[in-house]
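# Descriptive structure summary
Here is what each chain is made of, one letter per residue.
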Amino acid sequence: MQREMSVCGTFYPAREIELERYFEHFEEFLKEEQKSLPTKDIKALIVPHAGYIYSGYSAYIAYKTLVNTKLKNLLILGPSHRTYLNGVSLCSASSYETPFGTIAQSQELYQTLQNKYGMSQTITHAEHSTEVQFPMIKHLLPDVKIVEIIYGDTTPTTLSEIIDFALSLPETGVIISTDLSHFYTLEEANKLDNRCIKAVANLDTSTLHNGCEACGILGLEAMMLSAKIDHLKPHILD
């Protein structure tokens, strides 16, 4: 069973050639900015999930850091937007559709998570917070396999336990999907979003809950908790 695209043509272009133009544009910006990106020892990413026209560049930068790593499996966690979800749901699709072709499910990771946590299973999700990650993964990391988790009414501690377990597995990384403030002036948005950035940079969950407006704040906090446990250091990419 395949996880079909649900926001193709809205959050990201439907045609492969249009996506490639986006990515070429992002590459040009990267060269102009001459960013110094980490290229090894990367275990997890916090990536935005808005439309590519808004935050695609930041997401692209994040995935570029994984190109030369040895990661073969990615666990992708995102918040549920469309439906109320009690707890955590594991997508049971055997593949994920993108305009560049399908991404295979990491069956070993899927089965390991299911055996350990007994999560509820959904044949397919229609969730943009995770789906917008798929085209970039397929384009930049064509051989990587994935597992998708959507969460709703749960706790950062619960998610952190899942993250910790995934990070303990060989050649496995974690993607945390989030977005920051919406519908403010640029000045107001920068003020709110900088609080989130400061919180992540210092792994300070108290700052995270002091004015940060993150869609996916549970996953964000969970990743920060896991970073402390697993002795990971934050690096602000963009």
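See the structure above.
Residues numbered from 1 in each chain as written. Predicted model: local features only at pLDDT ≥ 70, side-chain atom pairs only at ≥ 80, totals over all residues. Heavy atoms only, no water.

### Points about the sheet that holds strand E5 (residues 95-98)
Across a sheet, paired strands are connected by hydrogen bonds in the backbone, their directions being either parallel or antiparallel. Applied cut-off: Should DSSP find at least two bridges between two strands, the strands are taken to pair. Secondary structure elements follow DSSP: runs of H or I of four or more residues count as helices, runs of E of two or more count as strands, with numbering from the N terminus.
Strand order in the open sheet made by the three strands is E1-E5-E6, with mixed pairing throughout. The sheet terminates laterally at strand E1 (2-3) and strand E6 (101-104), the two strands that pair on one side only. For E1 and E5, the ladder comprises two bridges, and the chain directions are parallel. What sits directly across from Arg-3, in E5, is Tyr-96.

### Here's the deal with empty space enclosed by the protein
Defined as follows: Buried and open spaces are told apart on a 1 Å grid over the protein atoms alone, a cavity being a set of points where a 1.4 Å probe fits but cannot get out and a pocket being an open set with protein on both sides within 12 Å along at least five of seven lines. Residues with an atom within 4 Å of a point are the lining residues. Grid points are joined across faces, edges and corners, and a volume is the space filled by probe spheres set on the points.
Scanning the model with the defined rule gives one cavity of 30 Å³ or more in all. What the largest cavity holds in volume is close to 40 Å³. Looking at the largest cavity, the residues that line it are Pro-48, His-49, Ala-50, Tyr-52, Ser-55, Gly-56, Ala-59, Val-132, Gln-133 and Met-136. The greatest single-element share of the lining of the largest cavity, amounting to four residues, is contributed by helix H2 (residues 52-64).

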